[in-house]
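As a plain string of letters, each chain reads:
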Amino acid sequence: SRSAYNDGFKNTPEDPYKTQRTGILGEMGLAKIMGLEVDVEYAEKGKETDFIINNAKVDVKTSCGDPWGNFFIRANYVRNQAPLPIKNDIYIGAYVLEENLQEKYAKIGVVGYILKKNIGPQHLKRSPAKFAQHENWEIPYRDLVPIEDMIEKNERLAVGRNQTT
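Quick look at the structure, then. What you see as residue numbers is a count from 1 along each chain, following the sequence as written. The predicted nature of this model means local features are confined to residues of pLDDT at least 70 and side-chain atom pairs, given and counted, to a pLDDT of 80 or more, with totals for whole chains, interfaces and linings taken over all residues. Excluding hydrogens and water, the side-chain values take into account all heavy atoms of the structure.

### What to know about the packing of aromatic side chains
Consideration 1: Two aromatic rings from Phe, Tyr or Trp, using only the six-membered ring of Trp, form a pair when their centres are within 6.5 Å; if the ring planes differ by under 30 degrees the pair is stacked, by over 60 it is edge-to-face, and anything between is tilted. Following the criterion strictly, the structure yields two aromatic pairs and no others.
Consideration 2: Summarising the aromatic geometry, the rings of F71 and Y141 are spaced 6.2 Å apart at their centres and angled 45 degrees between planes, so their arrangement reads as tilted. Here Y141 lies in the loop between β7 (135-140) and β8 (145-146) and F71 lies in strand β3 (residues 70-74), a separation of 70 residues in the sequence. The pair F71 / Y141 is uniform in exposure class, with both members buried.
Consideration 3: Chaining the aromatic ring pairs together yields one cluster made of F71, Y95 and Y141. Per the convention used, a helix needs a DSSP run of H or I reaching at least four residues, while a strand needs a run of E reaching at least two, with both numbered from the N terminus. The cut-offs for exposure are 20% and 50% of the maximum accessible area for each residue type, with area from a 1.4 Å probe on protein chains only; residues under the lower value are buried, those over the upper are exposed, and the others partly exposed.

Here's what the structure looks like:
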């Protein structure tokens, strides 16, 4: 059955954990390129924040579809209601390029990031779900800063910390 977090849109009887696995794969992709530890513990309703990087709360949004599309952050539960506060400082857009469950292999594309302060009214859209009554912050991948920028900034910060200790 579908939960309030719309697990049912991607999950099937043959693959009942696809939504959760897709999210963890995105987190693993970011962890690999940023040298981070990933928490693979199952959280029934997901985690609000995936990583803390340089004191910033980071959430990875991973799709199993179009690498040139959008990702979504829930904005409210009833259309035309005031949007809920955006809870993380940085959102990362990622997608599953390929996955083979039998061989336990996946390839993840980590596209880029957007800062909370850059999510604005232009991103507020009615949910594309057929019977949904809510709105999402819809972030097109074209609005993301390339992930290479975050990797470079993180490396510079690490070098600065090493020089002061």
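### Observations concerning the pattern of salt bridges
Consideration 1: Here, a salt bridge means any Lys or Arg side-chain nitrogen found within 4 Å of an Asp or Glu carboxyl oxygen. Per the counting criterion, the structure on display carries eight salt bridges.
Consideration 2: As a salt-bridge pair, K47 and E27 come within 3.1 Å of each other at their nearest N and O atoms. Residue K47 is located in the loop between α1 (18-34) and β1 (51-53), and its partner E27 is located in helix α1; the two are separated by 20 residues in the primary sequence.
Consideration 3: Between K107 and E98 there is a salt bridge, with the nearest N and O atoms lying 3.9 Å from each other.
Consideration 4: What makes E98 partly exposed here is its relative accessible area of 40%.

### Observations concerning unusual backbone geometry
Consideration 1: A positive phi angle, near 70 degrees, is found at N55, a position not held by glycine.
Consideration 2: Its place among the elements puts N55 in the loop between β1 and β2 (56-63).
Consideration 3: Although it is not a glycine, K104 adopts a positive phi angle of roughly 50 degrees.
Consideration 4: Mapped onto the secondary structure, K104 falls in the loop between β4 (90-100) and β5 (105-115).

No statement about biological role is implied by the geometric values presented.
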